[in-house]
Amino acid sequence: MKHSRSLFRRFLKVHFLFIFLPPIVLIFFFTFFGFSVNEEPLTLNPFYITLFLFGFIIVAFIVSSWLFFLRLRKRLTCLQEVMSFSANHNSFPKPISVQSDRMDEIDQLGSSFNWMIQQLEDSRKREYEEELLRHRLIANLSHDLRTPLTILRGHVTRLNKEAVSLEGQNSLTEMNHTITRVGDLMDDLLSYTLLTSGKHPFVPISTDIGRLVRASVAAWYPVFEEKEIQIDVDLPAEETFYWEADPQWMTRVLDNLFQNILRHAAEGEYANIVVDVVKEQIIVADKGPGMDNFSYERGAGIGLSASNYMLQKMKLKADFTSNENGTKVAISRA
């Protein structure tokens, strides 16, 4: 193990050797040996000797200190540049060179910095491998569960054709509804996995938000009408605004919000969809029981997590306001 060396001790050693030692040697030499010219002793004025030695010490002190701190600043600047590069480029910096034979405080700092980089790289590698394994596991699980669900739905359909009691018919209806719900959850989970793994390409372009919302509402209008949900829309025909967003991702976010109204707030029989051009917002509201009232229908909120992920990638945000009278979602710039 290398012994560390102190910068302060080096500083004192340099100043003692090159500042104080030469005057001491000169004083010792003049005191005991003297100085002669043409074999005649030469006497010097003590005042000038003192002035010369004092001036030498001051000049030597300034020069050696300037050289010492210049080298120190150069080493610290190199370390700072490496750290700044990683911060500006959002990446891990390369390890810095460390002189193991010197190992002063700055070298110890550099060694600790290199160790931290290595730990972060190992952690990122493990995280990537775990994320890849989790995505593969979810994708395989979603695929494998579709077969037994399809078989169950087939048996439920066959039993529906048989003569069963009213209670049995209700049970079959609930089973069919549960199978559909599990299938929807698997679709949401698979969709979220594909999104976070980069399988769905993100292509942001300047998007006409008013036009996009009108197209989504038109596509969902028959579904709301079938469920007897009153739709109150405020979509300006002439005015609009633009976001730098992926149209497909934005449509999927709206689809998720409309689907949540059908799943969780259909009993309120009301949906309000507004495009606020002045505030540049998309507002979707309902009169359901609110997000705080837990129900089996809500599930794990996977669709909501996928929507939040897509909004963050598009530099947007969704603000939720929910109580027992309903839920309001306002989508705007982050």
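Look up a bit, the structure's there.
An account of the accompanying structure is given in this report. Here the residue numbering is sequential within each chain, running from 1 through the sequence in written order. The predicted nature of this model means local features are confined to residues of pLDDT at least 70 and side-chain atom pairs, given and counted, to a pLDDT of 80 or more, with totals for whole chains, interfaces and linings taken over all residues. In computing side-chain values, all of the structure's heavy atoms are included and hydrogens and water are not.

Here we take up unusual backbone geometry. Positive phi, normally seen in glycine, also occurs at Glu228, with a value near 60°. On the secondary structure map, Glu228 appears in the loop between helix H5 (209–226) and strand S4 (230–234). Per-residue accessibility, obtained with a 1.4 Å probe over protein chains only, is compared with the maximum for each type, and a residue is labelled buried under 20%, exposed over 50%, and partly exposed between these values. Accessibility expressed as a relative area gives 60% for Glu228, which makes it exposed. One non-glycine residue, Glu269, lies in the positive phi region at around 55°. Labels follow the DSSP assignment, with helices taken as runs of H or I lasting at least four residues and strands as runs of E lasting at least two, numbered in each case from the N terminus.

Here we come to the pattern of salt bridges. One speaks of a salt bridge when a side-chain nitrogen belonging to Lys or Arg is within 4 Å of a carboxyl oxygen belonging to Asp or Glu. Applying the stated rule across the entire model yields 1 salt bridge. Glu280 serves as the salt-bridge partner of Arg333, at 3.0 Å between the closest nitrogen and oxygen. Taken together, the residues Arg333 in strand S9 (residues 326–333) and Glu280 in the loop between strand S6 (270–276) and strand S7 (281–286) connect sequence positions 53 residues apart. Residue classification places Arg333 among the partly exposed residues on the basis of a relative accessible area of 43%. Overall, Glu280 belongs to the partly exposed group, its relative accessible area being 25%.

Two numbers describe a pair of packed helices, the interaxial angle and the distance between the axes. Note on geometry: axes are C-alpha line fits, over the in-contact stretch for helices, and angles between N-to-C directions span 0 to 180 degrees. Their axes nearest at 10 Å, the elements H5 and helix H6 (residues 247–264) cross at an angle of 30°. With respect to their mutual orientation, H5 and H6 come out roughly parallel. In the packing of H5 onto H6, the handedness of the crossing is right-handed. For the pair formed by H5 and H6, the contact residues are Leu212, Val213, Ser216, Val217, Trp220, Val223 and Phe224 on the first element and Pro247, Met250, Thr251, Leu254, Asp255, Phe258, Gln259, Ile261 and Leu262 on the second. Residues were grouped as follows: Ala, Val, Leu, Ile, Met, Phe, Trp, Tyr, Cys and Pro as nonpolar; Asp, Glu, Lys and Arg as charged; and all remaining residues, including Gly, as polar. Residues of the contact of H5 with H6, tallied by class, amount to 12 nonpolar, 3 polar and 1 charged. Put simply, angles under 35 degrees are roughly parallel, angles over 145 are roughly antiparallel, angles from 65 to 115 are roughly perpendicular, and the rest are oblique. For any pair of crossing helices, the crossing counts as left-handed if the nearer helix is rotated counterclockwise from the farther one by less than a right angle, and right-handed if it is rotated clockwise. We call two residues in contact whenever any of their non-hydrogen atoms come within 4.5 Å of each other.

Turning to the packing of aromatic side chains, a few remarks are in order. Any pair of Phe, Tyr and Trp rings, taking the six-membered ring for Trp, is counted once the centres come within 6.5 Å. Such a pair is stacked with planes under 30 degrees apart, edge-to-face with planes over 60 apart, and tilted for the rest. Tallied over the entire structure, the rule returns 5 aromatic pairs. Each residue in the set Trp220, Phe224 and Phe258 is aromatic and connected to the rest through ring pairs, giving one cluster. Directly above the ring of Tyr270 sits Lys287, whose terminal nitrogen or CZ lies 4.4 Å from the centroid. Only Lys NZ and Arg CZ are tested; either one counts as a charge over a ring when it is within 6 Å of the ring centre and within 35 degrees of the ring normal.

Direction vectors running N to C along helix H4 (residues 166–196) and helix H7 (residues 302–313) enclose 25°, while the axes themselves pass 8 Å from each other. Taken together, the axes of H4 and H7 lie roughly parallel to each other. Regarding H4 and H7, the two cross each other, and that crossing is left-handed. The residues of H7 that touch H4, namely those facing Leu185, Asp188, Leu189, Tyr192, Leu195 and Thr196, are Ile302, Gly303, Ser305, Ala306, Tyr309 and Met310. Looking at the contact of H4 with H7, its residues break down into 8 nonpolar, 3 polar and 1 charged.

With that settled, consider H7. Helix length check: H7, at 12 residues, gives a terminal C-alpha distance of 17 Å against a target of 16 Å (1.5 Å per residue), a fit within 8%. Among the residues making up H7, those that are buried are Ile302, Gly303, Ala306, Ser307, Met310 and Leu311. Buried residues along H7 sit in contact with H4, H6, strand S8 (316–323) and S9. Helix span, expected: 1.5 Å multiplied by one less than the number of residues in the helix.

What is shown is where atoms sit, not what they do.
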